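So you can see what is in the structure, the chains are spelled out below.
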Amino acid sequence: MKKIVIAITMVLLAYNTSFAQTAEEKGLAIAIEADKRDTGWGDSSTKMFMTLRNAQGQESKRQMRTKALEVNGDGDKSVTIFDEPRDVKGTAFLSFTHSKKPDDQWLYLPALKRVKRISSANKSGPFMGSEFAYEDISSQEVDKYTYKYLRDEKIDGKDCFVIERIPTYEHSGYTRLISWMDKTMYQPVKAEFYDRKNMLLKTLKSSDHKQYLGKFWRAHKMEMTNHQTKKSTLLEWNNYQFKTGLSSRDFDKTALKRLR
């Protein structure tokens, strides 16, 4: 009888070992689950407020509107239109995110009355003088990174997975990102960005999450702090609306000049 028990135990151990996830497999599984839970929202629109703070704590504010369209089989499309202050009013930013090739991004500058294409090699540049880079504000498609699960950790009372993401995009401004993913929402609550020298560059904290359509979570506050420049940018959202009937025609680069 003892030999039978030992044999069964050995079989069970072999079974569990053969199906054990590696840290890379678990990290990828978490990313896929987060993407799965955020699929099906269709389209959205919201108002966004941006507060820029310099190293001395002085602030400047901007107000804008954003629209987004979910694209099956590829990354999302989004457009951001600046309403205030007067010196940036009418500026519009259009982004077509892709999962396996560089994003397409354009910026309309009303002072020059022309549409400027953002180079695929310049996605690490600052977006409209903020601490967010162009690559930070595009949708975070799973295929843009490789993954590694690091540990479980509680932050601000939330149980989180901590995963490392390595950009697959050759022109990324980052060597790696460390993300704290809330285990309930499968939404990031904190992320650290490491520059090309693998030094900590920025920290992003996301808070005030709200659920829409009984499924989709959105952070209403995101604050990016640059540890090297001592500057920060706070983004705040309100008046989220979903499934408003937007289509690809609402995200046409030839219409950027006419957006109001």
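Just so you know, these numbers come straight off a predicted model, no measurement behind them. (Residues numbered from 1 in each chain as written. Predicted model: local features only at pLDDT ≥ 70, side-chain atom pairs only at ≥ 80, totals over all residues. Heavy atoms only, no water.)

**A word on the overall build of the protein**
Assigned secondary structure in the protein consists of two helices and 13 strands. Only carbon and sulfur atoms are counted for the fraction: they give 52% of the accessible area of the protein, which is about 14500 Å². For the protein, the separation between the mean place of its 46 positive charges and that of its 34 negative charges on side chains is 3 Å. (Helix = DSSP H or I, 4+ residues; strand = E, 2+ residues; numbered from the N terminus. Areas by Shrake-Rupley, 256 points an atom, 1.4 Å probe, with all protein chains shown as cover. Lys, Arg positive; Asp, Glu negative; His and termini not counted. Charge placed at Lys NZ, Arg CZ, Asp CG, Glu CD.)

**Observations concerning the pairing of strand β4 (residues 92–96)**
Strand residues, when the strand is regular, have side chains that alternate between the two faces of the sheet. Extensive coverage of β4 is indicated by the burial of five of its five residues. The pairing of β4 with strand β5 (residues 104–109) spans five bridges and is antiparallel. Bridging from a neighbouring strand, Ser95 pairs with Gln105 of β5. (Buried < 20%, exposed > 50% of the residue type's maximum accessible area, 1.4 Å probe, protein only. Pairing = 2+ DSSP bridges.)

**Quick word on the pattern of salt bridges**
Tallied over the entire structure, the rule returns 15 salt bridges. Across the salt bridge formed by Glu223 and Arg53, the nearest N and O atoms sit 3.0 Å from each other. Linking Glu223 in strand β12 (residues 216–226) with Arg53 in strand β1 (residues 43–53), this pair joins segments that are 170 residues apart in sequence. (Salt bridge = Lys/Arg side-chain N within 4 Å of Asp/Glu carboxyl O.)

**A look at the nonpolar core**
Of all hydrophobic cores here, the largest spans 40 residues; its most connected members are Ile30, Phe127 and Phe193. In terms of residues, this core owes the most to one element, strand β13 (residues 232–242), which gives four residues. Non-local contacts of Ile30, meaning those with residues more than four positions away in its chain, are made with Tyr149, Phe161, Ile163, Met181 and Tyr186. With 11 residues, the next largest nonpolar core counts Leu69, Ile81, Trp106 and Phe251 among its residues. (Core = buried A, V, L, I, M, F, W, Y, C linked by side-chain atoms within 4.5 Å. Contact = heavy atoms within 4.5 Å.)

**Details of unusual backbone geometry**
Backbone torsion omega between Glu84 and Pro85 reads -5°, so that peptide bond is classified as cis. Within the secondary structure, Pro85 is located in the loop between β3 (77–84) and β4. One non-glycine residue, Tyr186, adopts positive backbone phi at about 55°. One can find Tyr186 in the loop between β9 (176–182) and β10 (188–194). The backbone phi angle of Asn198 is positive, close to 65°, even though this residue is not glycine. Note that Asn198 resides in the loop between β10 and β11 (200–212).

**Comments concerning the packing of aromatic side chains**
For the structure on display, the rule yields 11 aromatic pairs. Taken together, a centroid distance of 5.1 Å and an interplanar angle of 75° make the contact between Phe96 and Trp106 edge-to-face. One end of the pair, Phe96, is in strand β4; the other, Trp106, is in strand β5, with 10 residues separating them in the sequence. Residues Phe96 and Trp106 agree in their burial class; the two are buried. Measuring from ring centre to ring centre gives 5.4 Å for Tyr212 and Tyr240, while their planes differ by 55°; the resulting arrangement is tilted. A residue pair is termed long-range when its members are at least 10 positions apart, and Tyr212 in strand β11 and Tyr240 in strand β13 qualify at 28 residues. Judged by its relative accessible area of 15%, Tyr240 falls in the buried class. An aromatic cluster is defined as three or more aromatic residues linked by ring pairs; in this entry it consists of Phe82, Phe93, Phe127 and Tyr134. When the ring centre of Tyr194 is taken as reference, the NZ or CZ atom of Arg176 above it lies at 4.0 Å. The ring centre of Phe193 lies 5.4 Å from the NZ or CZ of Lys202, which sits over that ring. (Phe/Tyr/Trp six-rings, centres within 6.5 Å; stacked < 30°, edge-to-face > 60°. Lys NZ or Arg CZ within 6 Å of the ring centre and 35° of its normal.)

**Let's talk about the side chain of Ser138**
On the secondary structure map, Ser138 appears in the loop between β6 (114–117) and β7 (145–155). Within the local environment of Ser138, its side chain forms a polar contact with the backbone oxygen of Glu135, the two atoms lying 3.2 Å apart. (Polar contact = N/O pair within 3.5 Å; in protein donor to acceptor, adjacent residues only side chain to side chain.)

**Thoughts on the side chain of Asn226**
Within the secondary structure, Asn226 is located in strand β12. On the basis of relative accessible area, Asn226 is assigned to the buried category, the value being 8%. Side-chain polar atoms of Asn226 contact the backbone nitrogen of Thr229, separated by 3.0 Å. Ignoring any residue separated from it by four or fewer positions in sequence, one finds Asn226 in contact with Glu131, Leu201, Lys202 and Lys231.

**Here we look at helix α2 (residues 23–37)**
For α2, with 15 residues, the first-to-last C-alpha span of 21 Å sits near the 21 Å given by 1.5 Å per residue. Burial in α2 covers these residues: Gly27, Ile30, Ala31 and Ala34. Considered in projection along α2, the buried side chains sweep an arc of 95° and stay on one side of the axis. Buried residues belonging to α2 abut β7, β8 (158–167) and β9. (Expected span 1.5 Å × (residues − 1). Arc of directions from axis to C-beta.)

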